[in-house]
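# Coordinate inspection notes
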There are 2 protein chains.
Amino acid sequence: MSVPELTSEEITLLLADHPAWALAREGKAITRTFQFKDFSQAWGFMSRVALLAEAQDHHPEWFNVYAKVEVTLTTHDAGQTGGLSQRDVTLAQAIDALA
Amino acid sequence: MSVPELTSEEITLLLADHPAWALAREGKAITRTFQFKDFSQAWGFMSRVALLAEAQDHHPEWFNVYAKVEVTLTTHDAGQTGGLSQRDVTLAQAIDALA
């Protein structure tokens, strides 16, 4: 079942409210890079995000190398070919609250 | 301080011993993709790899989306510009033992 995509006005608001995130994939996703002191700190952060994601049943796409974590949020079920939805806003807010 | 790079003979042996891994980045890295049932299983695997990595002080570059985990191993300190070293062999062996 398809999830409603955010409107362009909602995306503008999302970026205004969460300035650390940037649009990616031609507006179909948002991304944020986190830099920690070492792997232990990065992994601690990822563990907290993993719990959030599982609780929200909405999961990030993410890349980690040592102390760096690149998080990308998108909703595969949004619109025709995936895009941003309210699920991404909710998860971005929760991640920002951790960081 | 630079870590010795594997010789081409050692790389051939590595791939023969660990056939699930493939060369990547023009021979400077190896990669393996793991597919699980869901995020919970994928995360469980990643948590075990994280403990191995921290214990070995050698960390993967990895990408996760839901039930899929793509692991890339390389040694940034190997040779002049990074490459494969015995550290990658040791970590690949330990990861294979988990999977």
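Just above, that's the structure.
Residues numbered from 1 in each chain as written. Chains lettered and ligands numbered in written order. Predicted model: local features only at pLDDT ≥ 70, side-chain atom pairs only at ≥ 80, totals over all residues. Heavy atoms only, no water.

## Concerning the overall build of chain A
- The helix and strand inventory of chain A stands at 3 helices and 4 strands.
- Listing the helices and strands of chain A from first to last along the sequence gives α-β-β-α-β-β-α.
- Radius of gyration (C-alpha) of chain A: 13 Å, near the 13 Å computed for a compact globule of 99 residues.
- In terms of principal-axis extent, the alpha carbons of chain A reach across some 40 × 25 × 20 Å.
- Sorting the 99 residues of chain A into buried and exposed places 45% on the buried side.
- Within the structure as shown, chain A displays about 5200 Å² of accessible surface, and the carbon and sulfur contribution to it stands at 53%.
- Positive and negative side-chain charges of chain A, numbering 7 and 13 respectively, have mean locations separated by a distance of 8 Å. (Helix = DSSP H or I, 4+ residues; strand = E, 2+ residues; numbered from the N terminus. Rg over C-alpha atoms; globule rule 2.2 N^0.38 Å. Buried < 20%, exposed > 50% of the residue type's maximum accessible area, 1.4 Å probe, protein only. Areas by Shrake-Rupley, 256 points an atom, 1.4 Å probe, with all protein chains shown as cover. Lys, Arg positive; Asp, Glu negative; His and termini not counted. Charge placed at Lys NZ, Arg CZ, Asp CG, Glu CD.)

## Considerations on the relation of the copies chain B and chain A
- When chain B is fitted onto chain A, the two copies agree to an RMSD of 0.0 Å after a turn of 180 degrees and an axial shift of 0.0 Å. In the structure described here, the two chain copies are related by an operation that fits a two-fold rotation axis. Within chain B, Phe63 of chain B has its C-alpha nearest the rotation axis, a separation of 2.1 Å.
- Comparing interface residues between copies, 100% of those in chain B also sit at the interface in chain A, which points to an isologous, same-surface contact. (Least-squares fit on C-alpha atoms with pLDDT ≥ 70 in both. Contact = heavy atoms within 4.5 Å.)

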